[in-house]
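A structural walkthrough
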Amino acid sequence: MTAAVVRGIRAFGHFWWDFLVGDTPELFLAMVVLVGLAFALRTDRTADIVVLPLLAIVALVGSAWRGRVRPGTRHDADR
Amino acid sequence: MSATVILMLAVFGACCVEAVEALTIVLAAGTTRGWRSALEGSAAALVVLGVLVGAVGVPLIHYVPIDALRVLVGALLLVLGLSWLRKAILRASGHKAKHDEDAIYKETAASLAAHGSTGRRRDAAGFAVAFKGVFLEGMEVVLIVISLGASQHKLGDAAAAAGAAVVLVVTVGALVARQLSEVPENTIKTLVGIMLTSFGLFWVGEGAGVHWPGSDLAIPVLIGVFALVTAGAVALLKTQSPAVAAGGLHVPRTDGQAAP
């Protein structure tokens, strides 16, 4: 019974780790920074509507760039 | 286009993608281990997922302040959307193998057939594989339904859109009797990723107290911005792609897990 509960908790934690961080920790980090900035910049009407999308764009393009296949490296089927 | 319509489209698209992937596994389980166990496994997983939506989504709507809820689900949608978009960009630019339902079907069927023959009784392997396939693929849909539905107090509409997608995919799958390998999965995933990212960003801002110009009208604008960025990123990465010269890569996913 106890072992089953521990297994369940471990599987639950594993699911959320994979879901939130997985092999793209930079996207998780970007999300954390973005949420922090959203609160920090909420009084600055211009900065928030420019900075938040910009940060998301930089995170997306940077992460995709990091995931590209470079000459001479192995092609990972599901990275 | 209102935010509700975009919400329904996002849920419908996400659910179509995951339903196609789940159907592939259920078909493999059904044809190799018997339909009774595969259908029972699928039904059991759908019931568990439905209970999750009710058990988690309804209390979220009633007891969590809307601003806190929007920051929380906005952050979740942002991670999920960016992750889907990243994967779609890499696939479209030839840096990542495309999802191949035919290969996954053959692989799952071969793996199940190796377990030996089954009679007419219930088959544990067929039940377990169908349950796992539907449950894992469905978990992301549950998260999307709860996130999008709870943030706009439209949980019923979001669940209905997800249900409609499942019915559509299963009906088409039954009619063509195959695993829907023709569905342009990467295109759908790209569109849904753009919508999830836009919703996520919008709600993180809204929840934190940011005043988007035009309120809900900012969502279509964000969608347009991320569509342009995605197209630009694909074009940029295509110039770097070794696969383009080699004619593209088509390697099936082999982990059997739900891919974000």
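Residues numbered from 1 in each chain as written. Chains lettered and ligands numbered in written order. Predicted model: local features only at pLDDT ≥ 70, side-chain atom pairs only at ≥ 80, totals over all residues. Heavy atoms only, no water.

**Observations concerning helix α1 (residues 3–33) of chain B**
All names here are of chain B. The terminal C-alpha atoms of α1, which comprises 31 residues, lie 44 Å apart, in line with the 45 Å expected from a rise of 1.5 Å per residue. With 24 of 31 residues buried, α1 lies mostly within the body of the structure. Gly34 occupies a position one or two residues after α1 and carries a positive phi of about 105°. (Helix = DSSP H or I, 4+ residues; strand = E, 2+ residues; numbered from the N terminus. Expected span 1.5 Å × (residues − 1). Buried < 20%, exposed > 50% of the residue type's maximum accessible area, 1.4 Å probe, protein only.)

**As for the nonpolar core**
All names here are of chain B. One finds Val11, Val145, Leu148, Phe199 and Leu201 to be the most contacted residues of the largest nonpolar core, which totals 90 residues. With 16 residues, α1 is the single largest residue contributor to this core. The residues touching Val145, leaving out its near neighbours within four places in the chain, are Val11, Val53, Ala150, Leu155, Ala158, Ala159 and Ala162. (Core = buried A, V, L, I, M, F, W, Y, C linked by side-chain atoms within 4.5 Å. Contact = heavy atoms within 4.5 Å.)

**Things to note about the confidence of the model for chain B**
All names here are of chain B. For chain B, mean pLDDT is 81; residues scoring 70 or higher make up 85% of the total. Per-element mean pLDDT across chain B ranges from 54 in helix α9 (residues 242–246) up to 93 in helix α8 (residues 218–238). Contacts from residues 247–260, a stretch scored under 50 in pLDDT, to residues over four places away or in other chains number 44 contacts. The complex model carries a pTM of 0.75, and its ipTM stands at 0.85. (pLDDT = per-residue confidence, 0-100.)

**Overview of the interface of chain B and chain A**
Residue-level contacts link 43 residues of chain B with 33 residues of chain A. Carbon and sulfur atoms make up 77% of the surface buried where chain B meets chain A, a total of about 3,500 Å² over both sides. On the chain B side of the contact with chain A, Val79, Leu82 and Arg86 of chain B bury the most area, a combined 19% of that side's loss. Viewed at the interface, chain A and chain B are joined by zero salt bridges. Between the two partners, chain B and chain A, sit two residue pairs in polar contact (both at pLDDT 80 or more). For the side of chain B that touches chain A, the secondary-structure elements that each account for two or more residues are α3 (66–92), α5 (124–151), α7 (185–208) and α8 of chain B. It is α3 of chain B that contributes the most residues to the side of chain B that touches chain A, 14 residues altogether. Across the side of chain B that touches chain A, the residue classes break down as 30 nonpolar, seven polar and six charged. (Buried area = accessible area lost by both parts, 1.4 Å probe. Salt bridge = Lys/Arg side-chain N within 4 Å of Asp/Glu carboxyl O. Polar contact = N/O pair within 3.5 Å; in protein donor to acceptor, adjacent residues only side chain to side chain. Nonpolar A, V, L, I, M, F, W, Y, C, P; charged D, E, K, R; others polar.)

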